[in-house]
Amino acid sequence: MPYTDIATEDSGPDAPEVFHLPLEVLPDRLDKTLARLMPQHSRSRLQSWIEDGHVEVDGVVGKIRTRVGPGAFIRVWPQQAPEDLAFVPEDVAFRVVDDSPDWIVVDKPAGLVTHPGAGNWHGTLLNGLLFRYPELSRVARAGIVHRLDKDTSGLLVVARTEIAQTQLVRQLQARTVKREYCALVHGTLAGQGTVDAPIGRDARVPVRMSSDRPVAPKPAVTHYASQSIGRCGDLIVSQVLCRLETGRTHQIRVHMARLRHPLLGDTLYGGRLEAGATRQMLHARALGFDDPVSGRPCAYTAELPDDFRRVQDGILWERNGDDAA
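Residues numbered from 1 in each chain as written. Predicted model: local features only at pLDDT ≥ 70, side-chain atom pairs only at ≥ 80, totals over all residues. Heavy atoms only, no water.

Side note on the sheet that holds strand 13 (residues 199-202)
Right, so step 1: Judged by pairing direction, the sheet is antiparallel, and its 3 strands sit side by side in the order 14-13-15 without closing on themselves. Two strands in the sheet have a free side with no partner beyond their single neighbour: strand 14 (209-210) and strand 15 (214-218).
Right, so step 2: Direction of pairing for strand 13 relative to strand 15: antiparallel, over a ladder of 3 bridges. Counted as the bridge partner of Ile199 is Lys218 from strand 15. (Pairing = 2+ DSSP bridges. Helix = DSSP H or I, 4+ residues; strand = E, 2+ residues; numbered from the N terminus.)

The following block contains the structure:
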């Protein structure tokens, strides 16, 4: 015997799905009942519909623990998942440094998420790109080929065609794309060097990446050169240029923390919000790539944003970072 009879008296695009429970069923919680009625949806999604008032039992808005039993009528107004609504054009503020028929160079402000994801389904750079360049709807991921963390500012390149996207991804894989960052780190970091340490998810903290005990690690190489060293009260800060050879999630943040010089303001990796820093002090200042069609070299730089400069201005710079520690 089928578990339910499905009533069909309602119709139209906004009509609910209506279930009439047969007399033979045993009473159970509303969320468990819906999980059996609508197995194509996850339990957490069904619970969110219930909590948001999109499920009724016998004409009354249900609760997750509402008991439903024989003969009950359940009406469900299915809601689109956030990810289903994420790829929509939105007027988002960001600066376009340059563009061509094949690519766009963007100066992303700090605080702007690059791509929709859990907790950030709207108001991202991707949404803004779709608003300004509608043709990007025909390109995978709206043409985004590499990302910057939400609180990292600076340059990235976006492809306007599938051909350009493929070519730019190949340049990234071949490690020929130039990406240089300005960072403020804790402590005295003098001279220059290279961190060659694979990065993967942190086995203990899912939101972190790790080079100590990484899960499914991938090669990661960061070259760094100290520019200057200074003080803000008792705090010692070094300004460092970092050049990426690879591009792993949180790469510079993880590698600087590995050197025991976490980024100023990067609380996830041991940095502190001091000297006026309200975010991790990391800025993608230079970007270079070959035009994916003509092959000509393209190179761009982006000035430090105001908040970064304010932190710089509050530090008494005492010596050149090339000096021995």
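Notes on the side chain of Ser238
Right, so step 1: Checked against the element boundaries, Ser238 lands in strand 17 (residues 235-244).
Right, so step 2: Residues in contact with Ser238, not counting those within four places in the same chain, are Ala183, Leu184, Val185, Gly187, Thr188, Leu189, Ser228, Ile229 and Trp317. (Contact = heavy atoms within 4.5 Å.)

Here's the deal with the confidence of the model for the protein chain
Right, so step 1: Within the protein chain, residue pLDDT values average 92, and 94% of them lie at 70 or more.
Right, so step 2: Ignoring residues within four places in sequence, the model shows residues 1-10, a span with pLDDT below 50, making 26 contacts including any to other chains. (pLDDT = per-residue confidence, 0-100.)

Structural notes on the pattern of salt bridges
For side chains of opposite charge, pairing can occur when their charged atoms come near one another.
Right, so step 1: Across all of its chains, the model carries 16 salt bridges by this definition.
Right, so step 2: Between Asp31 and Arg29 there is a salt bridge, with its nearest N and O atoms 2.7 Å apart. Summarising the burial analysis for this pair, Asp31 and Arg29 share the class buried.
Right, so step 3: Between Arg160 and Glu135 there is a salt bridge, and its shortest N-O distance comes to 2.6 Å. (Salt bridge = Lys/Arg side-chain N within 4 Å of Asp/Glu carboxyl O. Buried < 20%, exposed > 50% of the residue type's maximum accessible area, 1.4 Å probe, protein only.)

Some details on the pairing of strand 10 (residues 153-159)
Right, so step 1: Burial analysis of strand 10 places 7 of its 7 residues in the buried class, which makes it a mostly covered element.
Right, so step 2: Bridge count between strand 9 (residues 103-108) and strand 10: 6 bridges; the pairing is antiparallel. Within the sheet, the bridge partner assigned to Lys108 lies in strand 10 and is Gly154.
Right, so step 3: Here strand 10 runs beside strand 18 (residues 282-290); their pairing, made up of 2 bridges, is parallel. In the sheet register, Gly154 faces strand 18, and the bridge partner there is Ala284.

A word on the packing of aromatic side chains
Right, so step 1: Within the structure shown, the criterion is met by 2 aromatic pairs.
Right, so step 2: Each ring, one from Trp103 and one from Phe289, has its centre 5.4 Å from the other, and the planes form 80°; the classification is edge-to-face. Of this pair, Trp103 sits in strand 9 while Phe289 sits in strand 18, placing them 186 residues apart in sequence. Of the two residues, Trp103 and Phe289, neither departs from the other in class, the shared state being buried.
Right, so step 3: An angle of 65° between the planes, with centres 6.1 Å apart, marks the rings of Trp103 and Tyr300 as edge-to-face. With Trp103 in strand 9 and Tyr300 in strand 19 (residues 297-301), the pair connects residues that are 197 residues apart, well separated along the chain. A single burial state applies to Trp103 and to Tyr300, both of which are buried.
Right, so step 4: Each residue in the set Trp103, Phe289 and Tyr300 is aromatic and connected to the rest through ring pairs, giving one cluster.
Right, so step 5: Cation over ring: Arg132 sits above Phe94, and NZ or CZ is 3.9 Å from the ring centre. (Phe/Tyr/Trp six-rings, centres within 6.5 Å; stacked < 30°, edge-to-face > 60°. Lys NZ or Arg CZ within 6 Å of the ring centre and 35° of its normal.)

Focus on the environment of Ala257
Right, so step 1: For Ala257, the position within the fold is in helix 5 (residues 251-258).
Right, so step 2: Assessed through its relative accessible area of 24%, Ala257 is described here as partly exposed.
Right, so step 3: On a C-alpha basis, the gap between Ala257 and Gly271 in space is 8.3 Å, while along the polypeptide they are 14 residues apart.

Regarding the packing of helix 1 (residues 30-37) against helix 2 (residues 43-51)
Helix-helix packing is described using two parameters, namely the angle between the two axes and the distance between the axes.
Right, so step 1: Running from N to C, helix 1 and helix 2 cross one another at 125°; their axes reach a closest spacing of 9 Å. Relative to helix 2, helix 1 is oriented oblique. Considering the relative orientation of helix 1 and helix 2, their crossing is right-handed. Residues Leu30, Asp31, Lys32, Leu34 and Ala35 of helix 1 lie in contact with helix 2, whose contacting residues are Arg43, Leu46, Gln47 and Ile50.
Right, so step 2: Across the contact of helix 1 with helix 2, the residue classes break down as 5 nonpolar, 1 polar and 3 charged. (Axes fitted to C-alpha atoms, helices over the stretch in contact; angles between N-to-C directions. Parallel < 35°, antiparallel > 145°, perpendicular 65-115°, else oblique. Left-handed = near helix turned anticlockwise from the far one by under 90°. Nonpolar A, V, L, I, M, F, W, Y, C, P; charged D, E, K, R; others polar.)

Thoughts on the state of the cysteines
Right, so step 1: Taken as a whole, this structure holds 0 disulfides when the rule is applied.
Right, so step 2: Left unpaired, Cys242 is separated from the closest cysteine sulfur, that of Cys182, by 8.7 Å. (Disulfide = S-S within 2.5 Å.)

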